[in-house]
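Each chain, letter by letter, is given below.
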Amino acid sequence: MFRTLDILVLLILTFLACSNAEIITVKVADSGLDFNPQNATARKDDVISFLFVKGKHSLVQSDGPGVCTNSTTLTSLSSGIKSEGETYNFTVNQNNGAIYYFCDYGQHCLGGEWGVINVVSGNGGGSGSGSNGGKSSASVNVPNSLNFFLLFTITLFFFKSMI
Ligand SMILES: [Cu+2]
């Protein structure tokens, strides 16, 4: 017999296993006026979690790399002024292309504080690529392992319920 709790756990695990969305952390002012990583790779529905490390900053979307003026088309990425220790979460809502952004606070952008989110299509999680632009293969494999673990747990629950 299925118990209510078993069914509930099964539903939650199934939901988690089906969701490939990832949380990608980008540090703001991690080392001076910068974003770390400056180039991040993400997929639709991934959440870019901007962590404000030091000072005050304000993230706004722009129309190109190193451009220090607001985007004329998309305005979904806009954090407002944030202080040390705060976070701003931005959910990627496009299937491909690049999302450019910069810090609108003071003259920070002219000091080099801008970044790019490269949106790629396909399944699996995205990854931060590091400030050198290199791709981290290790973090790409993490979601697959997690999904395997979740599916394994679901299978266990299924068989347990049949006994
Ligand atoms: Cu700034």
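Residues numbered from 1 in each chain as written. Predicted model: local features only at pLDDT ≥ 70, side-chain atom pairs only at ≥ 80, totals over all residues.

- Where an unreviewed UniProt entry is consulted, the protein appears under the name Cupredoxin, with the organism given as Gigaspora margarita.

Section: the nonpolar core
In step 1: Residues V26, A42, I48, F50, Y101 and I117 are the most contacted members of the largest nonpolar core, which totals 25 residues.
In step 2: Of all the secondary-structure elements, those providing two or more residues to this core are β1 (23-28), β3 (39-42), β4 (47-52), β5 (57-62), β8 (97-103) and β9 (114-119).
In step 3: Not counting residues up to four positions away in its chain, the partners in contact with I48 are I24, V26, A40, A42, F90, V92 and I117. (Core = buried A, V, L, I, M, F, W, Y, C linked by C-beta atoms within 7 Å. Buried ≥ 20, exposed ≤ 12 C-beta atoms within 10 Å, placed from the backbone. Helix = DSSP H or I, 4+ residues; strand = E, 2+ residues; numbered from the N terminus. Contact = placed C-beta atoms within 7 Å.)

A closer look at the pairing of β5
In step 1: Burial within β5 is extensive, with 5 of its 6 residues counted as buried.
In step 2: Direction of pairing for β5 relative to strand β6 (residues 78-82): antiparallel, over a ladder of 4 bridges. If you follow L59 over to β6, its bridge partner there is G80.
In step 3: As paired elements, β5 and β8 share 4 bridges and run antiparallel to each other. Bridged to S62 within β8 is Y100. (Pairing = 2+ DSSP bridges.)

Some words on unusual backbone geometry
In step 1: In the segment running from N36 into P37, the intervening peptide bond is cis, with an omega of 0°.
In step 2: Note that P37 resides in the loop between β2 (35-36) and β3.
In step 3: Of note, A29 is a non-glycine position whose phi angle comes to about 55°, a positive value.
In step 4: Looking at the element boundaries, A29 is found in the loop between β1 and β2.
In step 5: With a phi angle near 80°, D45 is a residue other than glycine that sits in the positive phi range.
In step 6: Its place among the elements puts D45 in the loop between β3 and β4.

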